[in-house]
Amino acid sequence: MNVLVWNENRHEQTNQVVADLYPEGIHGTIASFLKSDDVTVRTVTLDDEEHGLTEEVLNETDVLVWWGHQAHDEVEDEIVERVKQQVLEGMGVVVLHSSHFSKIFKSLMGTSCDLKWREADEKERLWVVDPSHPIVEGIGEYIELEKEEMYGEHFDVPPPDELIFMSWFEGGEVFRSGMTYRRGKGKIFYFRPGHETYPTYYNPEVQKVIRNGVKWVKSTDNTTPKYGNAKPLETISEKE
Ligand code: ZN
């Protein structure tokens with residue numbers, strides 16, 4: 001399986017806390033826990049030519065993992081469209097944290113994707129609400145993060161195909177933290193945690209969920225559906 005980790009990689013250049021936390025960039029940390037004998041991982045960033053998302057690279061990608069925050073607007077519309085076509089044709093995508101506002105996620109959802117937020121070092125408890133789902137294999141009743149940014153409802157997205165995590169925050173809000181969608185032949189997993197100033201991507205359970213998510217969104221090799229005018233499979237008898 002070929003995984004491509006995309007990161008805007010801007011906080012790492014301008015914020016010392018983030019640079020110290022993620023010396024290889026958030027993409028580097030994510031890549032390091034996704035790599036395995038059967039998973040090849042490449043990383044690309046916003047400042048790469050064509051944001052690292054050339055036709056050639058995308059054609060070789062089974063699953064794209066996306067982390068963006070402050071520079072969503074700098075992603076070229078033409079490239080967003082290219083990524084979207086790949087998703088519709090079956091490329092899986094894992095959308096992390098503040099990428100809820102990325103152009104690609106908004107385009108796939110068709111809604112504002114807006115939400116409530118607050119940075120106050122709050123405890124987050126992500127409750128598993130779909131315990132039989134493959135994305136939560138190996139996870140207990142909940143994941144607890146000592147400090148995270150709060151995201152609160154209402155989250156303006158379409159009703160998901162599957163709701164997997166529901167977060168509770170110390171300040172009282174709740175949030176749908178893990179959701180899946182299908183668009184065309186592609187599968188999408190949105191997973192909330194991962195604010196850049198917290199060590200969230202070093203949490204073994206968060207890592208496990210992202211690994212499971214990558215596996216789950218990978219497309220299956222089913223027969224390509226056929227559309228348009230169709231010849232009958234049987235002789236249609238004339239009705240009297
Ligand atoms: Zn954040």
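Above this text you will find the structure in question.
Attention here is on the structure that accompanies the text. In every chain, residue numbers begin from 1 and rise along the written sequence. Local features in a predicted model are, by the rule used here, given only for residues with pLDDT of at least 70; side-chain atom pairs are given and counted only at 80 or more, and totals for whole chains, interfaces and linings are based on all residues. Where side-chain values are given, they derive from all heavy atoms of the structure, hydrogens and water being excluded.

1. Topic: the coordination of the zinc ion
Just so we agree on the cut-off: Here the coordinating atoms are restricted to nitrogen, oxygen and sulfur within 2.8 Å of the metal centre, or 3.2 Å for Na, K and Ca, and because water is not among them the sites may look incomplete. Type-normalised accessible area, obtained with a 1.4 Å probe on protein chains alone, sets the label of each residue: buried when under 20%, exposed when over 50%, and partly exposed for intermediate values.
Ligation of the zinc ion by protein atoms is provided by H97 (NE2), E149 (OE) and H195 (ND1), these donors lying 2.0 to 2.1 Å from the ion. The exposure class of E149 is buried, given its relative accessible area of 5%.

2. Looking at the pairing of strand β4 (residues 92–96)
Within a regular strand, side chains alternate between the sheet's two faces. To keep things clear, this is the line we draw: To qualify as a helix, a DSSP run of H or I must reach at least 4 residues; to qualify as a strand, a run of E must reach at least 2; elements of each kind are numbered from the N terminus. In this description, strands pair whenever DSSP reports at least two bridges between them. For a crossover, the right-handed case is the one in which the path from the first strand over the helix to the second runs clockwise, viewed with the strands pointing away from the viewer.
Among the five residues that make up β4, five are buried, leaving the element largely enclosed by the rest of the structure. Both faces of β4 are covered, namely the face carrying G92, V94 and L96 and the face carrying V93 and V95. Pairing of strand β3 (residues 63–67) with β4, which is carried by five bridges, proceeds in the parallel orientation. Looking at the pairing, V65 lines up with V94 of β4. Taken together, β3, helix α5 (residues 77–88) and β4 constitute a β-α-β crossover, and its handedness is right-handed. By the bridge criterion, four bridges tie β4 to strand β9 (residues 186–191) in an arrangement that is parallel. Residue pairing in the sheet places V93 in a bridge with I188 of β9.

3. Comments concerning the packing of aromatic side chains
Heads up, the rule is: Pairing of aromatic rings covers Phe, Tyr and the six-membered ring of Trp, with a centre-to-centre limit of 6.5 Å; geometry is then stacked below 30 degrees between planes, edge-to-face above 60, and tilted otherwise. In this scheme, the term charge over a ring applies when either NZ of a lysine or CZ of an arginine sits within 6 Å of the ring centre and within 35 degrees of the ring normal.
Following the criterion strictly, the structure yields 10 aromatic pairs and no others. Taken together, a centroid distance of 5.6 Å and an interplanar angle of 20 degrees make the contact between F189 and F191 stacked. By the ring-pair criterion, three or more aromatic residues cluster together here, those being F105, Y151, F155, F175 and Y190. A cation over a ring is seen here: K187 above W216, with NZ or CZ 4.5 Å from the ring centre. Seen from the ring of Y151, R192 lies directly overhead, with NZ or CZ sitting 4.8 Å from the centre.

4. Quick notes on a nonpolar patch on the surface
This is how it is decided: For patch building, the residue pool is restricted to those with more than 30% relative accessible area and no salt bridge; the joining distance is 9 Å between like charges and 5 Å between nonpolar side chains (Val, Leu, Ile, Met, Phe, Trp, Tyr). Shrake-Rupley sampling with a 1.4 Å probe provides the accessible areas, and residues are treated as covered by the protein chains on show and by no other component. For this analysis, a salt bridge means a side-chain nitrogen from Lys or Arg found within 4 Å of a carboxyl oxygen belonging to Asp or Glu.
A grouping of W127, V129, Y142, W168 and V174 is seen on the molecular surface, where their side chains present a nonpolar patch of about 410 Å² in accessible area. Relative to the helices and strands, W168 resides in strand β7 (residues 162–169). W168 sits in the partly exposed class, given a relative accessible area of 30%.

5. Considering the environment of K208
To keep it simple, the criterion reads: What makes two residues a contact is simply this: any of their non-hydrogen atoms within 4.5 Å.
Mapped onto the elements of the fold, K208 is located in helix α7 (residues 204–217). Sequence separation between K208 and G186 is 22 residues; the distance between their C-alpha atoms is 21 Å. Apart from the residues within four sequence positions on either side, K208 is in contact with E137, G138 and I139.

6. Points about the side chain of E149
Counted only if it meets this: Under the convention used here, Asp and Glu are negative, Lys and Arg are positive, and both His and the chain ends fall outside the count.
By secondary structure assignment, the location of E149 is in strand β6 (residues 142–152). Although E149 is buried, it makes no salt bridge; R192 carries the closest opposite charge, 5.3 Å away. In contact with E149, not counting residues within four places along its chain, are H97, W117, R118, E119, F169, R192, H195 and Y198.

7. A word on the pairing of strand β1 (residues 2–7)
For β1, the buried fraction is high: five of the six residues fall into the buried class. Inspection of the sheet shows β1 paired to strand β2 (residues 40–45) by six bridges, in the parallel sense. From the neighbouring strand, V5 faces β2, where its bridge partner is T43. Pairing of β1 with β3, which is carried by five bridges, proceeds in the parallel orientation. Paired with V3 across the two strands is V63, which belongs to β3.

8. Overview of the side chain of T61
Stated precisely, the cut-off is as follows: Think of a polar contact as two N or O atoms within 3.5 Å of one another; within protein, one of them needs to be a possible hydrogen donor and the other a possible acceptor, and neighboring residues in sequence only count if both atoms come from side chains.
Within the fold, T61 resides in the loop between α4 (55–59) and β3. Within the structure, the side chain of T61 is placed 2.7 Å from the backbone oxygen of V57, a separation counted as a polar contact. Each residue touching T61, except ones within four places of it in the same chain, is listed here: N2, L4 and M91.

9. What about the pattern of salt bridges?
Counted according to the given criterion, the structure contains 13 salt bridges. In this structure, D47 engages R10 in a salt bridge whose closest nitrogen and oxygen atoms are separated by 2.6 Å. Pair noted here: D47 is in the loop between β2 and α4 and R10 is in the loop between β1 and α1 (11–14), with a separation of 37 residues, a long-range link. Residue classification places R10 among the buried positions, given a relative accessible area of 17%. Among the salt bridges present, the one from D77 reaches K103, with a minimum N-O distance of 2.7 Å. Here the residue D77 occupies a position in helix α5, and K103 occupies one in helix α6 (residues 103–109), the gap between them amounting to 26 residues. Residue K103 is classed as partly exposed on the basis of its relative accessible area, which comes to 22%. One salt-bridge network, in which partners are shared between bridges, spans R10, D47 and E74.

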